[in-house]
Structures are given as C-alpha cells and as structure tokens.
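What follows is each chain in one-letter form.
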Amino acid sequence: MMRRVLVCFLLCASAFGSSLSVFGQEVHADRPDWFDGKPRTFVVNGYSTSFHWPAMLQRKLDRYFDGKRVIEVKSATQGSTPIAKWMNIETGEPMQPWTTKLRPLLKDDSRPKIVLAQQSLQWAFGGRSEGIRDQSDQVHIRKGADVIKAYTDLLKADGADAVVIAMHIYKQGMEPEIGNERLSLAAFIQSKPHDVFAGPDVWTPTSKIWPQAFQADKVHPNDMGAEVMAHHWFAALLTICGKDIPPWSADEMKQAMANLPALATRDGRPQRGEGRGMAARMLRHDANKDGKITKTEFRGPTPMFSRFDKNNDGVIDNQELTSSAR
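Every value quoted in this text rests on a predicted model; they were computed, and no experiment measured them. What you see as residue numbers is a count from 1 along each chain, following the sequence as written. Note on the predicted model: pLDDT of at least 70 is required for a residue's local features to be given, and 80 or more for side-chain atom pairs to be given and counted; whole-chain, interface and lining totals, by contrast, use all residues. Computation of side-chain values: all heavy atoms of the structure, hydrogens and water removed.

The next point concerns helix α2 (residues 53–64). Counting from the N terminus, the helices are DSSP H or I runs at least four residues long and the strands are E runs at least two residues long. Under the convention used throughout, the expected extent of a helix is 1.5 Å for every residue step, that is, one less than its residue count. Taking 1.5 Å of rise per residue, the twelve residues of α2 would be expected to cover 16 Å, and the 16 Å separating its terminal C-alpha atoms lies within 8% of that figure. Burial within α2 is extensive, with nine of its twelve residues counted as buried. A contact between two residues is defined here by any heavy atoms of the two lying within 4.5 Å. For α2, the elements touching its buried residues are β1 (40–46), β2 (71–77), β3 (113–118), α8 (223–240) and α9 (247–258). Here the term buried applies to any residue with accessible area under 20% of the maximum for its type, exposed to any over 50%, and partly exposed to those in between, with areas from a 1.4 Å probe on protein chains only.

Centres within 6.5 Å make a pair out of two Phe, Tyr or Trp rings, where for Trp the six-membered ring is used; the pair is then stacked when the planes are under 30 degrees apart, edge-to-face when over 60, and tilted otherwise. One pass over the full model with this rule turns up twelve aromatic pairs. With 5.3 Å between their ring centres and 70° between their planes, F35 and Y64 make a pair best called edge-to-face. With a gap of 29 residues between them, F35 in the loop between α1 (2–19) and β1 and Y64 in helix α2 connect regions that are remote in the sequence. Residue classification places Y64 among the partly exposed residues on the basis of a relative accessible area of 26%. Between W53 and W233, the aromatic rings sit 5.3 Å apart at their centres with planes inclined by 5°, giving stacked as the arrangement.

In any sheet, the strands associate via hydrogen bonds between backbone groups, in a parallel or an antiparallel arrangement. With parallel pairing, the five strands of this open sheet are ordered in space as β2-β1-β3-β4-β5. Looking at strand neighbours, the two that pair on one side only are β2 and β5 (196–198), the edges of this open sheet. Along the sheet, successive strands turn relative to each other by an average axial angle of 20°, direction set aside. DSSP calls a pair of strands paired once it identifies at least 2 bridges connecting them. Where β1 lies against β2, seven bridges are found, and the strand directions are parallel. Looking across to β2, one finds that V43 is bridged to K74. Axis definition: a line fitted to C-alpha atoms, over the contacting stretch in the case of helices. Angles run 0 to 180 degrees between N-to-C directions. On the sheet, helix α6 (residues 181–189) packs against β4 (162–166) and β5 and is oriented at approximately 135° with respect to β5.

Next comes the structure, spelled out in structure tokens:
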C-alpha cells in the first residue's frame, strides 16, 4: 500500500517542480530578487523538524549558482521551540533562544538576511494540543494570525530584511489542529504585510508520505522527508522571485523518495540510521560518475563528509560508502 502511495506522489512530484505556488499568496509586481547573484544569507528559524533540510537547501542553492556559495544558509533552530517558545506572544518580547541563537545572526550586517521560518502555533492558544478546529474557528484563526504578525514584526525589527514563513509539517496525533495552522498564515498574508512572504505548504506533501518519510518516532522527518521539505522550500523561494524552478530539484526529491529507508523497526517502519539509502544519496554528489566523491564535488555539510571519509584523505570511495551503510 505504501509503495502505491509513494508511486502516486512521485507522479505528482514533477508538477510540484514546475507549477508549485506559494501558499496563500499572489505574486506581486514588486517581488524581490534574491537570486540575482549578490551575496545573501538565508537564516532558518524553527524547531527540530528543521535540523536537516537546511543543509539540503544549501546544496541546491550551490548547484543553482554553478557550485558557488552565493547564498549562505545558516540555522537558528532548537527542539520543541515553536513561535511561543521563541518569544512571549503576549508582550512581544524575545525569549532566550531568540537572544542567544537567532539575534546574533540577525545583527550580522555583512550581507542582507532573509529569514526562512519553518514555524508552528503550538502553545499559542494555551495547551500544546489546543488549536484551530476548522475553518469556522475564526477566534483561533485570528489569534494565530496576530501571533504570526508579532513574530514577523520582531524578526524585521531585529534586522531581517525579509521573512518567508511556512507552518508545521504533518503531525499524526495532533491533527487537524496542526494542519489548520495554515489558515492563520493565510489570514495574515491577506493583510499584505511588507517584506513578508508565505513559504511552501509542507504539510500537504508530508501528509502523503507519512510514516515512510519520518523517523521511528513518526514525528521528525528522515532523510527522505527532509529532501521533500528542501525541494519545496527551494521551489517556493524561486517562485517568490519569479524564477523558473530547475527540473533537477524535483528529480533529487523523487530519487530520495524512490530510495526507501533501508533500516526499519519490527513493524516495518523506518528508523534512525544511514543505511544503503544514505549511501545512494551520497552518490548523487559524484559529479563525474567515477564512483568516488571528492570534497570539491560534495555539496552537503562538512561533518557528513567527514563521517564517510574514514581515512581523512579527502575522497569517499566505494569501500567507505559500503562500510558506512552497514
């Protein structure tokens, strides 16, 4: 059954690669151009579901600019920290994760900074599980929109040149409240905030591939899920700027989805670990197809390269890939 679901999603993925629209927002004539070749920083702000996809987004950005590091992705993320844990939503004051992790990146004036906020409204309505029941729940929808406004206003006041915000991925056990957070985002975007843009709808694609694209806890995305998130963020950023989405991004996503996690728990669900799927994904960096990956070819995070490069010679060969996949 899961195979059939993935096949269906893969057939739709090519459409996502070429016609993906930014959630809840029309394209305006005064659109920005973050892909004009000038140095910029994308600051990712979020929680534990954003631990891995930013590195994949960096790989895509580097490929878009022919291997050059024009846009640098930096992360200000912390587990279990939706908006209500980054700031006091009643007073608008930043809290400790903000002042220690996020603010230093926003105060860096060396280049323009665009915040990519992968966020959630958990705890914004009281308890963690409380949220928006449905489209008729206008009280909670409006309150959520006000929280998003206070959050984006604080980001800009602290130094962000622009903000792109998306809401939570699919979260089994907390639906439909999690998915309905998008209603607050849509309501906020309708007010046409200055220099704030709706990011990708990552809830829909992740809901279609649950739990296969999630870790053993069925909450956090595994490498497949992170690749899906990275593609949708990359596509949304290009769409905001009026740029074409290169087909290779959707191809990377489809390839990741075709390589199901090799390791599984007793009930057949994916679990944490690298396995053959990771080795196959590492080989995507093999530009000249000689079966080896050099530091020059590799476009992911340095710690990941070092983990595979057992003898520290700057080259990941087939033996190192095979041993790491066991």
